[in-house]
Amino acid sequence: MTGPAPRFALIALLGLAACDTGLSYYHRNGVAVTRMQSDTTQCQVAALKDAPVANQIRQNPPVFFPGRQICNGAGQCYYQPGYWIPGNTYTVDVNQGLRTQVETQCMARKGYQPVNLPACSPAVRQAAPPRQTTTLPTLTPQSCVIKYEGGGWQVVSPATAPS
């Protein structure tokens, strides 16, 4: 099976898989999502003030490719000289780590802790009634997240089978 149709299907499938990612946010049981978002913004602004963006331009070192001797079947040889490839330049915000730490400490003072929830499996996604989370629930080891178009999301804590 070749041609554009299978390739398109594969690209579409990979695109869906890429959208099915988890969610990182600050969590505090019982807090409204809008309050958590407001508190997060306040802490991000404070962190930006305390640890402003400080971009530095850096460069990878250049790479030298040495010359070599090239000979043909008749024994005639010539020398191909070596050459340099300059290193790539890139930008680094040297305060990014500090800014993240300041933000996390600010949120911790407000009672939040950072969480990373995985995306829910397709079975959990189908079983859960679709509704956007408005109040942060108590999390369990099985908690996962369903993301919706438009930026909304739902935290789901599926029940575990009895052992």
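Residues numbered from 1 in each chain as written. Predicted model: local features only at pLDDT ≥ 70, side-chain atom pairs only at ≥ 80, totals over all residues. Heavy atoms only, no water.

### Focus: the confidence of the model for the protein
Put simply, the rule is: On a scale of 0 to 100, pLDDT captures the predictor's confidence in every residue. Note on definitions: a residue-residue contact is assigned when non-hydrogen atoms from the two residues lie within 4.5 Å.
Considering every residue of the protein, the mean pLDDT works out to 88; 85% of them sit at 70 or more. Low pLDDT, under 50, characterises residues 1-18; the stretch is placed with one contact to residues that sit more than four places away or in other chains.

### Section: the pairing of strand β4 (residues 68-71)
The test is simple: What makes two strands pair is DSSP finding at least two bridges between them. Strands here mean DSSP runs of E at least two residues long; helices mean DSSP runs of H or I at least four residues long; both are numbered from the N terminus.
Pairing of β4 with strand β5 (residues 77-80), which is carried by four bridges, proceeds in the antiparallel orientation. Bridge pairing in β5 places R68 opposite Q80. From the end of β4 to the start of β5, which pair antiparallel, there are five residues, and G75 there has a positive phi angle of about 85°.

### Quick word on the state of the cysteines
For clarity, the threshold we go by: Note on terminology: disulfide denotes any pair of cysteine sulfur atoms within 2.5 Å.
Going through the model one piece at a time under the given rule, you end up with three disulfides. Each sulfur in the disulfide pair C43 and C106 lies 2.0 Å from the other. On the sign convention where negative means left-handed, the S-S torsion of about -70° between C43 and C106 marks this disulfide as left-handed. Residue C43 is found in helix α2 (residues 33-50), and its partner C106 is found in helix α3 (residues 96-109); the two are separated by 63 residues along the sequence. Disulfide pairing is shown between C120 and C144; the S-S distance is 2.0 Å. Disulfide C120-C144: the torsion about the S-S bond is 95°, which places it as right-handed.

### Here's the deal with the packing of aromatic side chains
To describe a pair of aromatic rings, you give the distance between the ring centres and the angle between the ring planes. So the rule is basically this: Between 30 and 60 degrees the pair is tilted, below 30 it is stacked and above 60 it is edge-to-face, where a pair is any two Phe, Tyr or Trp rings, Trp via its six-membered ring, whose centres lie within 6.5 Å. Exposure categories follow from relative accessible area, calculated using a 1.4 Å probe and restricted to protein chains: below 20% of the type maximum is buried, above 50% is exposed, and the middle band is partly exposed.
This structure, assessed with the given rule, holds three aromatic pairs. Relative to W84, the ring of F64 lies with its centre 4.9 Å away and its plane at 50°, an arrangement referred to as tilted. Taken together, the residues F64 in strand β3 (residues 63-65) and W84 in strand β6 (residues 83-85) connect sequence positions 20 residues apart. According to the relative accessible area criterion, F64 is partly exposed, its value standing at 42%. Both rings, one in F65 and one in Y83, keep their centres 5.2 Å apart while their planes meet at 20°; by these two values the pair is stacked. In this pair, F65 sits in strand β3 while Y83 sits in strand β6, placing the two residues 18 residues apart along the sequence. With a relative accessible area of 45%, Y83 lands in the partly exposed category.

### Topic: a nonpolar patch on the surface
Rules: For patch detection, residues must exceed 30% relative accessible area and be free of salt bridges, and they are connected within 9 Å for like charges or within 5 Å for nonpolar side chains (Val, Leu, Ile, Met, Phe, Trp, Tyr). Here the accessible surface of atoms and residues is derived via Shrake-Rupley with a 1.4 Å probe, and residues count as covered only by protein chains that are part of the display. Salt bridge criterion: a side-chain nitrogen from Lys or Arg within 4 Å of a carboxyl oxygen from Asp or Glu.
Where nonpolar side chains cluster on the molecular surface, the patch consists of V63, F65, Y83 and I85 and spans about 350 Å² of accessible area. Secondary-structure elements contributing two or more residues to the nonpolar patch are β3 and β6. Of note, V63 is situated in strand β3.

### Description of the side chain of R99
Selection criterion: Two N or O atoms form a polar contact when they lie within 3.5 Å of each other; inside protein one atom must be a possible hydrogen donor and the other a possible acceptor, and for residues adjacent in sequence the pair counts only when both atoms belong to side chains.
Inspection of the secondary structure assignment puts R99 in helix α3. A polar contact of 3.0 Å, which involves the side chain of R99, links it to the side chain of Q96. Setting aside its immediate chain neighbours within four residues, R99 contacts A47, L48, A51, P52, V53 and D93.

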